[in-house]
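Read off the chains here:
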Amino acid sequence: MTALVVVLALVGVVGLYRTFAGPAGVGHFRSAEGRQEYLEYYRQAMETMPAPSGTEDVATSFGTVRVYTWAGGGEQDSPPVVLLPGRTSGAPVWAANVPLLARSRRVIALDALGDAGMSVQSAPLTSADDQAAWIDEVISAVAPEGAHLVGHSFGGATAAVYARLHPDRVRSLTLLEPVFTFAYPPAGIMAWTVAASVPALPESWRNRALERIGGEKLSGTDPMELMIKAGAEKFDASLPTPSPLTYEQAEALTMPVYVAIAGRNSVAGGSKAVERAQKILPQASIQVWDNATHSLPMQEAESLTPVLEQFWAQGDTGSS
């Protein structure tokens, strides 16, 4: 878990840096060697998860999206869960969650289009509408009756955009430490982001910045940590800049909404995010996990699972 805390901090800070600094265009690996290094760590990280019951590449208007499915042991007629990862992490980041969630229902994890992973972008994503469009094409293919949508970090921001633009397909919306959704990251996080994200700085300085954000030492050996670091260093992402929800946008979130915010080193905005979410989503269930950091869904996997299972039951009877 030590490595995971820091590596999820890396997801957050690299995502923040790339959001403002990334050029427009199509996401790509900087070199064939960098892609090969990333794919090897990706393979090792996937091996820490249960073998998926299905793997497919779904064609969309913006490229092909890698989709993994775990059939699960629960009620297969229930709407599935769709997981959207944070920046540079991909489907393997849910390794702690998938075995627990798949006990009760079908679980589907995506590699985000335009970011490091097995998805391959072919056209620029220039707006929130574009982000929602490719997700809708995937969900139409793999969960045509609708799904419980779960997003972590930047995946939370993307999930919120999709849910407000396509509420008919979202049975419920779960936002786990969602960045740029209810508040901007704290100034301290932004300052360390600069130190952690500038390639010209010595690696030792960048690692120290990551450790200050995550509150733990980098292990240097964990496959997931190495995968995410390789993605951050070897892949150039080009994605739209998210922005916090307005009151009008929040009104479109008519499905049940659950928001989880970390009590320590929250990249989502901490207490400011909680206050804002309470104001614009008065019907939502909002919970602060006091001992969690930005790695909340993985740190709290055991405790979070029953909370989500109970929450999803509210959306199972909703219309698709």
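For clarity, every value in this text was computed on a predicted model and none was experimentally measured.

One pass over the structure, following the stated rule, counts seven aromatic pairs. Note on Tyr38 and Tyr42: the rings are 5.9 Å apart at their centroids and 50° apart in plane angle, and the pair reads as tilted. Of this pair, Tyr38 and Tyr42 both sit in helix H2 (residues 32-46), four residues apart, which is roughly one turn of the helix. Note on accessibility: Tyr38 and Tyr42 belong to one class, buried. Members of the aromatic cluster, each reached through a chain of ring pairs, are Phe29, Tyr38, Tyr42 and Phe235. Stacked on the ring of Phe154, the Lys or Arg Arg87 has its end atom at 4.3 Å from the ring centre.

Time to look at helix H12 (residues 301-316). Over its 16 residues, H12 extends 22 Å from the first C-alpha to the last, a length consistent with the 22 Å expected when each residue adds 1.5 Å. By the burial criterion, the buried members of H12 are Ala301, Leu304, Thr305, Leu308, Phe311, Trp312 and Gly315. Angular distribution of buried residues about the axis of H12 spans 145°; they occupy a single face of the element. Across H12 from its buried face, at more than 90 degrees, point the exposed residues Glu302 and Gln310.

Tracing the sequence through the fold places Ser140 in helix H4 (residues 128-142). Side-chain polar atoms of Ser140 contact the backbone oxygen of Asp136, separated by 2.7 Å. Reaching out from Ser140, the side chain makes a polar contact with the side chain of Arg169 at a distance of 3.1 Å.

This part is about H4. An ideal rise of 1.5 Å per residue puts 21 Å on 15 residues; H4 measures up with 21 Å between its terminal C-alpha atoms. Of all the residues in H4, the buried ones are Asp130, Gln131, Ala132, Trp134, Ile135, Asp136, Val138, Ile139 and Val142.

Quick look at the pairing of strand S7 (residues 147-152) now. Along any regular strand, the residues point their side chains to alternate faces of the sheet. Counted residue by residue, S7 has six buried out of six residues, so it is predominantly covered. Side chains Ala147, Leu149 and Gly151 project from S7 onto one buried face, and the interleaved His148, Val150 and His152 project onto a second face that is buried too. Judged from the four bridges that link them, strand S4 (residues 81-84) and S7 form a sheet pairing that is parallel. Its bridge partner being in S7, Leu84 is matched across the sheet by Gly151.

Of all the six residues making up strand S10 (residues 257-262), six are buried; the element is thus mostly covered by neighbouring parts of the structure. Covered by surrounding structure in S10 are Val257, Val259 and Ile261 together with Tyr258, Ala260 and Ala262, the residues of both alternating faces. Taken together, the four bridges between strand S8 (residues 170-176) and S10 define a ladder with parallel strand orientation. When the bridges of S10 are listed, Leu173 appears paired with Val257. As defined by bridge partners, S10 adjoins strand S11 (residues 285-289) across five bridges and the pair is classed as parallel. The partner of Ile261 across the bridge, within S11, is Val288. With respect to chirality, the unit in which S10 leads through helix H10 (residues 270-280) into the neighbouring parallel S11 is right-handed.

Pairing between side chains of opposite charge can happen when their charged atoms approach one another. The final tally for this structure, using the stated rule, is seven salt bridges. A salt bridge links Glu37 to Lys234; the nearest nitrogen and oxygen atoms lie 3.7 Å apart. Taken together, the residues span a long stretch of sequence, with Glu37 in helix H2 and Lys234 in helix H8 (residues 223-234) at a distance of 197 residues. A relative accessible area of 31% means that Glu37 is categorised as partly exposed. With its nearest N and O atoms 2.6 Å apart, the salt bridge here joins Asp57 to Arg66. Residue classification places Asp57 among the partly exposed positions, given a relative accessible area of 43%. The buried category is assigned to Arg66, whose relative accessible area is 14%.

The subject of this paragraph is unusual backbone geometry. If you check the backbone angles, Thr88 has positive phi at about 60° while not being a glycine. By the element assignment, Thr88 lies in the loop between S4 and helix H3 (98-101). The phi torsion at Phe180 lies on the positive side, around 55°, for a residue other than glycine. By the secondary structure assignment, Phe180 is in the loop between S8 and helix H6 (187-197).

Taken N-terminus to C-terminus, the directions of H2 and H8 make an angle of 155°; their axes are 8 Å apart at the nearest point. Considered as vectors, H2 and H8 are oriented roughly antiparallel to each other. Along this stretch, H2 crosses H8, giving a crossing that reads as left-handed. On H8, the residues touching Gly34, Glu37, Tyr38, Tyr41, Tyr42, Gln44 and Ala45 of H2 are Pro223, Met224, Leu226, Met227, Ala230, Gly231 and Lys234. Split by residue class, the contact of H2 with H8 holds nine nonpolar, three polar and two charged.

Reading guide: rules and limits
Along each chain, residues carry numbers from 1 onward, in the same order as the chain's sequence is written. Residue-level local features of this predicted model are given only where pLDDT is at least 70; pairs of side-chain atoms are given and counted only at 80 or more, and the full residue set underlies all totals for whole chains, interfaces and linings. Excluding hydrogens and water, the side-chain values take into account all heavy atoms of the structure. In this analysis, rings of Phe, Tyr and Trp, with Trp reduced to its six-membered ring, are considered paired at centre separations within 6.5 Å, and the interplanar angle assigns stacked below 30 degrees, edge-to-face beyond 60, and tilted for intermediate values. Numbering of helices and strands runs from the N terminus, with a helix taken as a DSSP run of H or I at least four residues long and a strand as a DSSP run of E at least two residues long. Between buried and exposed lies partly exposed: a residue is buried under 20% and exposed over 50% of the maximum accessible area for its type, with that area taken using a 1.4 Å probe on protein chains only. Should the NZ of a Lys or the CZ of an Arg lie within 6 Å of a ring centre and within 35 degrees of the ring normal, that charge is described as sitting over the ring. To estimate how far a helix should reach, multiply one less than its number of residues by 1.5 Å. What the arc describes is the spread of directions from the helix axis to the C-beta atoms. What qualifies as a polar contact is a pair of N or O atoms within 3.5 Å, subject to a donor-acceptor requirement within protein and to the restriction that residues adjacent in sequence count only when both atoms come from side chains. The rule for pairing is simple: two strands pair if DSSP sees at least two bridges between them. Viewed with both strands pointing away, a crossover whose connecting path from the first strand over the helix to the second turns clockwise is right-handed. Whenever Lys or Arg places a side-chain nitrogen within 4 Å of a carboxyl oxygen from Asp or Glu, that contact is recorded as a salt bridge. Between the N-to-C directions of two axes lies an angle of 0 to 180 degrees, each axis being a line fitted to C-alpha atoms and, for a helix, fitted only over the stretch in contact. Relative orientations are named as follows: roughly parallel for angles under 35 degrees, roughly antiparallel for angles over 145 degrees, roughly perpendicular for angles from 65 to 115 degrees, and oblique for any other angle. Should the near helix be turned counterclockwise from the far one by less than a right angle, the crossing is left-handed, whereas a clockwise turn marks it as right-handed. Only heavy atoms enter the contact rule, under which two residues are in contact if any of them lie within 4.5 Å. Throughout this entry, Asp, Glu, Lys and Arg are counted as charged residues, while Ala, Val, Leu, Ile, Met, Phe, Trp, Tyr, Cys and Pro are counted as nonpolar. The remaining residues, Gly among them, count as polar.

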